[in-house]
Amino acid sequence: MTNTPKFIIACHLRKEKGVQDVINALALVDKNLLRKFKLDVYGEGPYEHYLKLLVADLNLEEYVKFRGSRNDLHLLYHNYDYLIHASHGETFCFTVVESLVSNLRVITTKGAGNILGLVKDGENGYTFNIMGINELSNIIVDILKNEESMNELKTNQEMIDKFSTERMVDGYLNLLS
């Protein structure tokens, strides 16, 4: 992890993805501590304009950058320390799986964003309640204050292996035979 932890959000920008919760959580963080924070938001959608206005209204432009939509996010994950996935509801959470496979720590909502249960709180990331703005803010503060302890987070390779391309292809081939 770098001296300035880098965070990423990658999703369709709509209300149910909870990006507004992340922005509101950042507004609660002391500005002196927030100087160590960088967040890139990848995606487009109907909520994008509102989210950009919210960032501007809360004077967070220095910390939050909107990067648009990308086809090659899997090539960018290594540039980040954490994925924040504040979703209010998901069906599969592919972003979480892809991030963990890339050894990116994940901060996500309990149940809704962590529907597959791959994120183990304190092991390979952190979980918080849906719309738990104070909880998320506290997680961010802890990360910014305790960079060394965050290096101890690990991925759970056994769980991640369940979602490998090889295993998926083998599963499809078994179905066809």
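The following refers to the structure shown. Predicted, not measured: the structure shown is a model, and the values here were computed from it.

Conventions adopted
- Throughout this description, residue numbers start from 1 for each chain and increase along the sequence as written.
- Two thresholds apply to this predicted model, a pLDDT of at least 70 for residue-level local features and 80 or more for giving and counting side-chain atom pairs, whereas whole-chain, interface and lining totals are computed over all residues.
- Excluding hydrogens and water, the side-chain values take into account all heavy atoms of the structure.
- Pairs of strands are assigned from DSSP output, requiring at least two bridges between the strands.
- Only DSSP runs of H or I with at least four residues qualify as helices, and only runs of E with at least two residues qualify as strands; both kinds are numbered from the N terminus onward.
- The axes are straight lines fitted to the C-alpha atoms, using for helices just the contacting stretch, and the angles between their N-to-C directions are given from 0 to 180°.
- When checking whether two residues touch, look at their non-hydrogen atoms; a contact exists if any pair is within 4.5 Å.
- One speaks of a salt bridge when a side-chain nitrogen belonging to Lys or Arg is within 4 Å of a carboxyl oxygen belonging to Asp or Glu.
- Throughout, exposure labels follow a simple rule: accessible area from a 1.4 Å probe, protein chains only, divided by the maximum for the residue type, with under 20% read as buried, over 50% as exposed, and the rest as partly exposed.
- To obtain the arc, one takes the directions from the helix axis to the C-beta atoms.
- Definitions used for this entry: grid spacing 1 Å over protein atoms alone; cavity, a set of points where a 1.4 Å probe fits but cannot get out; pocket, an open set with protein on both sides within 12 Å along at least 5 of 7 lines; lining residue, one with an atom within 4 Å of a point.
- Grid points are joined across faces, edges and corners, and a volume is the space filled by probe spheres set on the points.
- Under the scheme applied, nonpolar residues are Ala, Val, Leu, Ile, Met, Phe, Trp, Tyr, Cys and Pro; charged residues are Asp, Glu, Lys and Arg; polar residues are all the others, including Gly.
- Each polar contact in these results corresponds to two N or O atoms within 3.5 Å; when the atoms are within protein, one needs to be able to donate a hydrogen and the other to accept it, and residues that are neighboring in sequence are counted only if both atoms are side-chain atoms.

A few words now on the sheet that holds strand β3 (residues 64–68). Read across the open sheet, the 6 strands follow the order β3-β2-β1-β4-β5-β6; overall the sheet is parallel. Edge positions in the sheet fall to β3 and β6 (125–128), since each has one partner strand and no second. Ignoring which end each strand starts from, the neighbouring axes of this sheet average 20° apart. Here strand β4 (residues 82–85) pairs with strand β5 (residues 105–109) via 4 bridges, running parallel. Looking across to β5, one finds that isoleucine 84 is bridged to isoleucine 107. Each of β1 (6–10), β4 and β5 touches helix α4 (residues 94–101); the most contacted strand, β4, lies at about 170° to it.

Another point: the pattern of salt bridges. In the structure shown here, the tally under the stated rule is 4 salt bridges. Across the salt bridge formed by lysine 52 and glutamate 48, the nearest N and O atoms sit 3.1 Å from each other. Of the two residues, lysine 52 and glutamate 48 both sit in helix α3 (residues 48–57), 4 residues apart, roughly one turn of that helix.

On to α3. Looking at α3, one finds that the buried residues are Glu48, Leu51, Leu54 and Val55. One side of α3 carries all its buried residues, which in axial view fall inside an arc of 125°. Turned more than 90 degrees from where α3 packs its buried face, His49 and Asp57 sit exposed. Looking at the buried residues of α3, the elements they touch are α1 (19–27) and β3. A positive backbone phi angle near 55° is found at asparagine 59, which sits one or two residues after α3.

Next up on the list: the layout of surface pockets. By volume, the second largest pocket is sized at about 170 Å³. Of the residues belonging to the lining of the second largest pocket, the class tally is 4 nonpolar, 5 polar and 4 charged.

This paragraph deals with empty space enclosed by the protein. If you walk through the whole model with that rule in mind, you get 1 cavity of 30 Å³ or more. Estimates place the volume of the largest cavity at around 50 Å³. Lining the largest cavity we find Ile9, Ala10, Cys11, Lys17, Val19, Val22, Ile84, His85, Ala86 and Ser87. Of all the secondary-structure elements, those providing two or more residues to the lining of the largest cavity are β1, α1 and β4. Classifying every residue of the lining of the largest cavity by side-chain character gives 7 nonpolar, 2 polar and 1 charged.

What follows deals with the environment of arginine 67. The residue arginine 67 is located in strand β3 in this model. Overall, arginine 67 belongs to the partly exposed group, its relative accessible area being 43%. Once the C-alpha coordinates of arginine 67 and glutamate 44 are considered, the two residues, 23 residues apart in sequence, prove to be 9.0 Å apart. In this structure arginine 67 touches Asp40, Val41 and Tyr42, once residues within four positions along its chain are discounted. Within the structure, arginine 67 has its side chain in polar contact with the side chain of aspartate 40 (distance 3.0 Å).

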